[in-house]
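# Observations on the model geometry
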Amino acid sequence: MVYSSIRLIVNEIGTIELIVFNHFYDTEPSFKEYSKSDFILRFLHAIIVGEIDTLNLKDRFVVEIKKAPVIIIGSGIAGLLTALKLSDAGISSLVVTKTKLTENSSRMAQGGIAAVVPENNQDSIELHIQDTLNAGAGLSEEFVCRSILSEGHFAIDDLIKLGVPFDRVNGKLAFTKEAAHSTQRILHAGGDATGRSIQDTLIYRTQTDPNIEVLEECVALNLLVHKNRCYGVDTVLYQDAEHPQQLLLLGQHTILSTGGIGRLYSQTTNPAIATGDGMALAYTAGAKIQDMEFVQFHPTAFWAEGSVRFLISEALRGEGGILRDHDGFEFAKAYHPQGELAPRDIVTRAIWSQLQKSNQPHVFLDITHLPQDKIETRFPNILQHCLEYNIDIRKDWIPVAPAAHYGMGGVQVNTYGQTSIENLCAVGEVISSGIHGANRLASNSLLECVVLARRVAAHIEIFSEVLPVDVMSIFPSRYQNKLHCSQSDELDTMIDQLRALMWQDAGIIRNAEGLQHALEKIERLEAEATRKGFLQFIPDGVEFQKMLITSRLICQGALQREESRGAQYRSDFPEKLDVAKHQTQQMTVKEEVKA
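Residues numbered from 1 in each chain as written. Predicted model: local features only at pLDDT ≥ 70, side-chain atom pairs only at ≥ 80, totals over all residues. Heavy atoms only, no water.

## Focus on helix H12 (residues 344-358)
Each α-helix turn comprises 3.6 residues. Residues three or four places apart therefore point the same way. As a reminder, the rule being used: Helix numbering and strand numbering both begin at the N terminus, where a helix is a DSSP run of H or I of at least 4 residues and a strand a DSSP run of E of at least 2. To estimate how far a helix should reach, multiply one less than its number of residues by 1.5 Å. When a residue's accessible area, from a 1.4 Å probe over protein chains only, is under 20% of the maximum for its type it is buried; when over 50% it is exposed; and in between it is partly exposed.
With 15 residues, H12 extends 21 Å from end C-alpha to end C-alpha; this agrees with the ideal 21 Å at 1.5 Å per step. Burial in H12 covers these residues: Arg-344, Asp-345, Val-347, Thr-348, Arg-349, Ala-350, Ile-351, Gln-354 and Leu-355. Backbone geometry just downstream of H12 places Asn-359 in the positive-phi region, at approximately 55°.

Given below as structure tokens:
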């Protein structure tokens, strides 16, 4: 009765819900002189007479609870398509994104989506599987490849029904070829804007779907896990910078779709948000993490003004682009018979070797021999971006250099996107399903993303369940008064130091000395950031903490794998072991709330 009265009064003064008493009575020594009932009455009196500042009360003592059948963390293609498929099944979801709905890596996917569809009579599932296994350097699992790739045409049908405008020639789907594919099977949209075309379509559908709620500028702190079961996520909403609001988001199922790890490196094709958050969230909650050492460095990112600027799609090489050094020499076939169309890790190391030999910051990609109308139609966005730097790709060679692009490792999932934690699924670049192995085949990632989004939604439809009525006794109220919206030039410098460190010591060429140095430096950065209170800054400090955790996972995995395989190249262990093995990492946690 008293509890209900307090909730009523607190609601009237503008605070959402008060769930504080047991926690604070048990944890604040000064309250022990009162019985619990006396404490509640005195607290109520303090609110009524104004002894407790309501703004301070909201920041320190009040936690808002939001509930939804499904909580989806991340708003790229993986997250939004899952939400839409759930909606088709009549299941509502809450999509959480740490920035804005339109800011994600999905929009930057240029090349396309690899899939075997009936109207492409030059292709077959068996051929696609073999290409994927070859690229995966022994770690792509045939069962997983067959399972996911066989569903490709259904996934494409889904996207077409949603309105994705795939490019066509004479009314039929258009296909192109990319490195390590044995035939043309890459579907694309908007020429070189496939990711943006798919993402924009999904955003439109999401914004008009009554079963989907989107929460922007909301950063995830920890997954709410108890006895190896996930109940949601602890977050902070920072739309109001002066008064960030802690939110406990509770759901029957939680889905990680947080994207990749490219921004852990100083040279990357990825946007600012790709900081490995999902891997860190899953790891600290006790989930199994797999093959984090395998980071794909894209061979060709546009280089200008001292660093790479944006991706130059592999499709340019697929259409006949030629790699040249500063003397015009076509060097790619000196490293591999397939030349420019060799697997990405080989092309990347070929370019890296040329850069070391020439002491130049970049090489060139030449497509000037292609018809101008084809360049303008097939690569309109790349053409426009390059023109902004006074490079006309119709007549000029494109300056390119390698950059961090995609993480093959991630949260270990099965072929239905289920993690090792109950009721926690994951989709997209955050996962390691077994299809990509040690070196992802170009454009397979979007296909994996769409197929698993469909499967996760179908699994939840079948196994949906209600939250236990006593869920809040599992997750008692806490306060986050140390968290605050703030920025610091010194924190920015530390983030830059981490990214430079990862590029130098855990980049294209690795060795034990460099990896050990990176791990030691990561520990020092974390200790310094903790001491100075930077990890309480929202959102940058919270994000930096996730970057440190995920960077450590990459370095530990790379140090433990004493071989060169796929995207991992160890100069001190240049040979590949006879037996290919996955590596898993898992935090040992006590059986208690990890929130």
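Here the narrative resumes.
## A few points about the side chain of Ser-87
The condition that has to hold: Two N or O atoms form a polar contact when they lie within 3.5 Å of each other; inside protein one atom must be a possible hydrogen donor and the other a possible acceptor, and for residues adjacent in sequence the pair counts only when both atoms belong to side chains. A contact between two residues is defined here by any heavy atoms of the two lying within 4.5 Å.
Of note, Ser-87 is situated in helix H5 (residues 77-88). Of the residues examined, Ser-87 reaches a relative accessible area of 10% and is grouped as buried. A distance of 2.8 Å separates polar atoms of two side chains, one belonging to Ser-87 and the other to Asp-209. Beyond its immediate sequence surroundings of up to four residues, Ser-87 is in contact with Asp-209 and Asn-211.

## Considerations on the sheet that holds strand S16 (residues 363-366)
In a beta sheet, neighbouring strands pair by backbone hydrogen bonds and run either parallel or antiparallel. Heads up, the condition is: At least two bridges found by DSSP between two strands are what make those strands a pair. A fitted line through C-alpha atoms represents every axis, and for helices the fit uses only the stretch in contact; the resulting angles, taken between N-to-C directions, go from 0 to 180 degrees.
One open sheet holds the five strands; their spatial order is S14-S13-S17-S16-S15, and the pairing between them is antiparallel. The two strands at the open ends of the sheet, each matched to only one other strand, are strand S14 (307-311) and strand S15 (322-324). For this sheet, the mean inter-axis angle between neighbouring strands, taken without regard to orientation, is 55°. As judged from the three bridges shared by S16 and strand S17 (residues 398-407), these two strands associate in the antiparallel manner. Pairing of Val-363 across the sheet is with Val-400, part of S17.

## Some remarks on the side chain of Glu-563
Mapped onto the secondary structure, Glu-563 falls in the loop between helix H19 (540-560) and strand S23 (584-585). Residue classification places Glu-563 among the buried positions, given a relative accessible area of 1%. Polar contacts involving the side chain of Glu-563 include one to the side chain of Arg-561, which spans 2.7 Å. Within the structure, Glu-563 has its side chain in polar contact with the side chain of Arg-565 (distance 3.0 Å).

## Re the environment of Phe-175
Mapped onto the secondary structure, Phe-175 falls in strand S6 (residues 175-176). Separated by 60 residues in the primary sequence, Phe-175 and Ala-115 have C-alpha atoms spaced 9.7 Å apart. In contact with Phe-175, other than residues within four places in its own chain, are Val-117, Glu-119, Asn-120, Gln-184, Arg-185, Ile-186, Leu-187 and His-188.

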